[in-house]
Amino acid sequence: MDVNIRPLWAAVLAVSLQAASVAQAKEAIPVESYQVGGLSKPAEILVDRWGVPHIYAATQADAFFMQGFNAARDRLFQIDLWRRRGLGQLAEVLGASYVPQDQATRLFLYRGDMQREWKAYGSEAQSIATSFVAGINAYVDFLAAHPERMPFEFRKLGYAPAKWQPEDVVRIRSHGLTRNLNSEVARAAVACKADLKSDEIRFGLTPSWEAQMPQGLDPCLPKDLLKVFQLATQNVRITKEAIQSAAGEASIRIAAAERIDEITEGSNNWVISPSKSSTGRAIMANDPHRAYSAPSLRYIAHLNAPGMNVIGAGEPALPGISIGHNGTIAFGLTIFNIDQEDLYVYELNPEHPDQYRYQGKWEPFRTVQEQIAVKGAQPVPAALTFTRHGPVIFVDKEKNRAFAVRSGWLEPGMAPYFGSVDYMKATNFRDFKKAMLNWGAPTENQVYADVQGNIGWVPGGLAPRRPNWDGLLPVPGDGRYEWNGFWSGDDLPFAYNPANGWFSSSNQMNLPADYPYKERKLGFEWTNGSRHTRIEEVLAALPKVSIEDSMRLQNDDLAIPARRLVTLVQPVPAADPKAHAAQEVFTGWDYIERTDSAPAALYEVWLSRHLGNAFKKAVLKPEAAAAMTAPDVAVMLDALEKPEALFGDNAIARRNQVLLSSLAAAYDELTKLQGPDPRQWQWGKLHHNLMEHPLAAAVDDATRARINVGPMPKHGGAYTPNQSTYRVSDFRQTNGASFRVVVDVGNWDNSRAINSPGQSGNPDNPHYRDLADMWLKGDYFPLLYSRDKVEASAQQRILLSPAR
């Protein structure tokens with residue numbers, strides 16, 4: 001491939017793609033010119049002042065080629081690491097200590113029929129992926145010819161970026177959001193030590209439901225049962241020891257995931273109809289809540305070609321746009337909690353441990369033999385073992401059992417977010433809903449708004465039919481518990497032009513009251529509804545909703561649990577001076593979690609470090625309390641407000657004792673953390689955000705400061721609309737909204753967005769961290785769409801032409 005670059009730092013003429021002629025003189029901005037193989041006609045990228053690439057191509061195939069080329073130009077190390085992690089090829093470049101993660105990840109690759117796989121996403125899916133990876137590979141070729149432009153991470157680690165195959169985009173599944181396997185094991189642990197009723201304190205089930213113990217299940221499971229699964233699904237953790245260990249003696253650290261409340265990822269979205277909107281047009285708002293990193297998970301791009309003009313965010317390693325608009329409709333997503341996973345437990349043949357019992361007979365495991373390439377060493381053989389249900393993640397030799405995962409992710413059409421290449425081209429609700437019928441993963445609430453003023457909601461996700469169990473616990477793999485196909489997209493609820501003029505979702509249980517949930521059993525584990533409660537009360541109270549209202553609401557820091565708890569504890573007489581002093585701290589608080597707020601600091605220390613433990617001990621037997629980590633906050637709040645159900649005799653007095661004693665303990669701890677004067681306490685001195693680069697632990701302090709963003713004091717909390725979930729051990733924010741968008745449907749240039757810390761993956765690029773301060777303050781930039789506005793804000797022009 002002939003690839004070269006010519007930087008120009010003078011006035012240039014813009015290339016008109018449609019006429020292939022010079023249109024007019026443009027303002028002097030930096031220009032890069034490339035000649036690349038794989039492009040059919042000249043194409044152009046305008047990078048605006050906020051780092052958003054606006055791609056203009058002569059054909060749709062060229063647009064996706066350009067999207068891949070640009071993703072590599074801006075985020076190459078990130079997407080190369082994504083690919084290596086997903087395919088199980090880390091040890092090849094990072095050393096022998098990554099062999100266990102590679103082997104674990106390979107268990108969860110899609111290994112089915114590729115024709116069925118491509119067909120599941122629509123007729124153009126394969127060609128789109130092919131064009132996209134051709135663009136990535138073109139930039140990889142460019143770097144081979146210009147090694148001085150190689151991103152510093154590759155130089156630091158001593159390897160070159162790999163070429164992609166189209167199949168890589170869809171075969172990788174383990175980066176998606178998983179559905180309930182961890183909770184199945186946690187529920188079994190409580191049942192082993194206590195009973196299933198006690199587990200309702202750990203995770204309340206909605207709609208109303210009681211988990212049932214599957215016949216023949218021993219709920220006492222091995223301690224390290226989920227080690228392989230966690231290795232397969234965690235991000236890459238690069239350490240000095242791991243890189244330096246050529247012999248493989250070092251072991252990679254498994255992500256600590258003990259508390260579901262610390263790692264639960266969610267999102268908010270809403271759509272407003274013209275009758276409720278101050279603009280007279282529909283509004284779509286979305287802020288997905290995911291783990292933080294530098295660079296961020298999301299990447300904003302604009303794809304423009306004949307028949308396609310779509311802008312918004314996706315993941316940089318995937319083609320298309322999953323959140324945004326196409327000039328006719330706007331779309332945004334949150335998680336819709338369908339249960340797509342089951343853990344199967346098998347009895348092994350004592351005479352032949354390579355066999356398991358199924359329907360009264362011994363059935364052999366299927367084994368796939370692979371070689372894992374290792375940097376500086378010989379390849380390591382890997383035996384990947386499968387049952388008819390899925391990959392084997394653990395063998396318990398002591399009890400003669402094996403454990404395998406059946407997951408929706410391994411079915412055709414389940415590559416996370418890739419299905420957006422179909423729905424992003426819809427131009428009406430009918431076509432959008434049709435595209436969502438085959439949506440696989442992650443399970444989503446998609447909201448919709450169009451230029452005609454219509455709004456709607458379409459949930460999607462592969463939903464297993466479980467005829468004789470509820471999916472809440474592991475089940476024997478002997479044939480008694482089998483999926484009976486899947487519910488179709490038409491079996492899911494939806495809404496179109498609701499009478500109240502708006503619709504919102506925040507991962508809360510949102511099945512309609514008349515939905516046949518007992519029959520379909522989509523899932524019973526939903527996210528705490530506090531964010532949704534706050535969003536509803538704000539939207540309902542506004543006579544008209546503006547773009548600015550939506551931006552404020554995405555950054556809203558009012559905590560509904562704080563309001564409920566303080567309302568409970570304030571009237572209770574407190575004999576303990578510390579409890580009384582704590583009540584005084586709460587006096588007059590508006591329940592907004594600002595960084596300089598003393599009440600917010602006290603509330604959060606109370607809620608996360610003291611109240612939950614006191615509540616567990618008060619309402620559970622010791623063995624049940626010890627078997628779980630934090631209780632479900634929603635269950636706890638309901639029980640504290642109506643104590644008779646769980647607190648027994650003298651329920652109110654016992655409830656009050658729990659409130660006051662735990663509050664006094666929180667006051668005492670905060671005194672030790674921030675001094676004896678509550679007027680000096682601040683939530684932001686505890687709660688902080690650090691957007692960490694994957695190499696942060698493997699470099700010196702100066703480099704770490706260059707590649708990390710933060711730490712910075714952070715407002716909000718786990719249950720505010722501006723979700724700011726944190727790690728209880730050190731109050732570091734674990735997930736929340738790094739990308740936010742508010743779309744003015746029809747007046748597209750008036751749409752707003754933010755993507756923290758910045759668009760670029762290059763730490764030396766101005767767009768690596770330039771949006772972090774704006775994000776922290778709740779500010780946005782205009783998500784420009786029209787060509788004239790883009791031209792006026794362009795700061796860089798990238799011209800691509802076909803290689804001669």
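Before any of the text, the structure's been laid out above.
What comes next concerns the included structure. (Residues numbered from 1 in each chain as written. Predicted model: local features only at pLDDT ≥ 70, side-chain atom pairs only at ≥ 80, totals over all residues. Heavy atoms only, no water.)

A few words on unusual backbone geometry. Here the residue pair Thr206 and Pro207 is connected by a cis peptide bond, since its omega of -10 degrees sits within 30 degrees of zero. Checked against the element boundaries, Pro207 lands in the loop between helix 9 (196-202) and helix 10 (227-233). With an omega of 5 degrees, the peptide bond running from Ser756 to Pro757 counts as cis. Within the fold, Pro757 resides in the loop between strand 31 (752-755) and helix 26 (772-777). Here Gln359, not a glycine, exhibits a phi torsion of approximately 50 degrees, which is positive. (Helix = DSSP H or I, 4+ residues; strand = E, 2+ residues; numbered from the N terminus.)

The next point concerns the packing of helix 19 (residues 577-586) against helix 24 (residues 651-674). The N-to-C vectors of helix 19 and helix 24 enclose an angle of 80 degrees; their axes lie 8 Å apart at closest approach. Judged by the angle between their axes, helix 19 and helix 24 are roughly perpendicular. Packed against helix 19, whose contacting residues are Lys578, Ala579, Ala581, Ala582, Gln583, Val585 and Phe586, the element helix 24 presents Leu660, Leu663, Ala664, Tyr667 and Asp668 at the interface. Across the contact of helix 19 with helix 24, the residue classes tally to nine nonpolar, one polar and two charged. (Axes fitted to C-alpha atoms, helices over the stretch in contact; angles between N-to-C directions. Parallel < 35°, antiparallel > 145°, perpendicular 65-115°, else oblique. Contact = heavy atoms within 4.5 Å. Nonpolar A, V, L, I, M, F, W, Y, C, P; charged D, E, K, R; others polar.)

Another point: the sheet that holds strand 20 (residues 455-460). Reading across the sheet, the 11 strands line up as 3-33-4-5-8-9-10-11-19-20-24 and stay open at both edges, with mixed pairing between neighbours. Edge strands, defined here as strands with exactly one partner in the open sheet, are strand 3 (31-36) and strand 24 (495-496). Across three bridges, strand 5 (residues 53-56) lies against strand 8 (residues 299-305) in parallel orientation. Within strand 8, the residue paired with Tyr56 across the bridge is Asn304. Helix 1 (residues 60-87) contacts strand 3, strand 4 (43-48), strand 5, strand 8, strand 9 (308-314) and strand 33 (794-802) of the sheet and is inclined by roughly 155 degrees relative to strand 8. Each of strand 11 (329-335), strand 19 (444-450), strand 20 and strand 24 touches helix 14 (residues 429-436); the most contacted strand, strand 20, lies at about 10 degrees to it. (Pairing = 2+ DSSP bridges.)

Per the counting criterion, the structure on display carries five cavities of 30 Å³ or more. When its volume is computed, the largest cavity comes out at roughly 70 Å³. If you trace the largest cavity, you find it lined by Gln67, Ala71, Phe132, Tyr299, Ala301, Gly314, Glu315, Pro316, Leu318, Gly320 and Ile321. Breaking the lining of the largest cavity down by element, the ones donating at least two residues are helix 1 and strand 8. Of the residues belonging to the lining of the largest cavity, the class tally is seven nonpolar, three polar and one charged. As a volume, the second largest cavity reaches approximately 60 Å³. Residue lining of the second largest cavity: Lys433, Met436, Leu437, Val458, Pro459, Gly489, Leu492, Pro493 and Phe494, and that is the complete set. Listed by contribution, the elements that provide at least two residues to the lining of the second largest cavity are helix 14 and strand 20. (1 Å grid on protein atoms, 1.4 Å probe; cavity = no way out; pocket = protein on both sides within 12 Å on 5 of 7 lines; lining within 4 Å. Points joined across faces, edges and corners; volume = space filled by probe spheres on them.)

This part takes up the state of the cysteines. Scanning the entire structure with this criterion turns up one disulfide. The residue that forms a disulfide with Cys192 is Cys220, at a sulfur-sulfur distance of 2.1 Å. Measuring handedness by torsion sign, the sulfur bridge of Cys192 and Cys220 sits at about 100 degrees and is right-handed. With a gap of 28 residues between them, Cys192 in helix 8 (residues 181-193) and Cys220 in the loop between helix 9 and helix 10 connect regions that are remote in the sequence. We classify Cys220 as partly exposed; its relative accessible area is 26%. (Disulfide = S-S within 2.5 Å. Buried < 20%, exposed > 50% of the residue type's maximum accessible area, 1.4 Å probe, protein only.)

What follows concerns the layout of surface pockets. Its volume calculated, the second largest pocket comes out at about 720 Å³. In terms of lining residues, the second largest pocket is bounded by 33 residues, among which Glu32, Arg73, Arg149, Asn762 and Asn765 are the most central. Every element with two or more residues in the lining of the second largest pocket is listed here: strand 3, helix 1, helix 6 (152-157) and strand 33. At seven residues, the largest contribution of residues to the lining of the second largest pocket is made by helix 1. Residue classes in the lining of the second largest pocket are distributed as 15 nonpolar, nine polar and nine charged.

This part is about the packing of aromatic side chains. Counted under the stated rule, the structure contains 43 aromatic pairs. Geometrically, the ring pair formed by Phe77 and Phe154 is edge-to-face, given 5.5 Å between the ring centres and 85 degrees between the ring planes. Placement of the pair is Phe77 in helix 1 and Phe154 in helix 6, with a sequence separation of 77 residues. The pair formed by Phe77 and Phe154 is uniform in burial state, with each residue classed as buried. Pairing Tyr423 with Phe432 gives two aromatic rings, centres 5.4 Å apart and planes at 65 degrees, and the pair type is edge-to-face. (Phe/Tyr/Trp six-rings, centres within 6.5 Å; stacked < 30°, edge-to-face > 60°.)

Attention now goes to the pairing of strand 6 (residues 267-272). Taken across its six residues, strand 6 has six buried, putting it largely inside the fold. Here strand 6 pairs with strand 7 (residues 283-291) via six bridges, running antiparallel. Looking at the pairing, Ser267 lines up with Pro288 of strand 7. Pairing between strand 6 and strand 25 (residues 502-505): four bridges, direction antiparallel. Within strand 25, the position partnered with Val271 by the bridge is Phe503.

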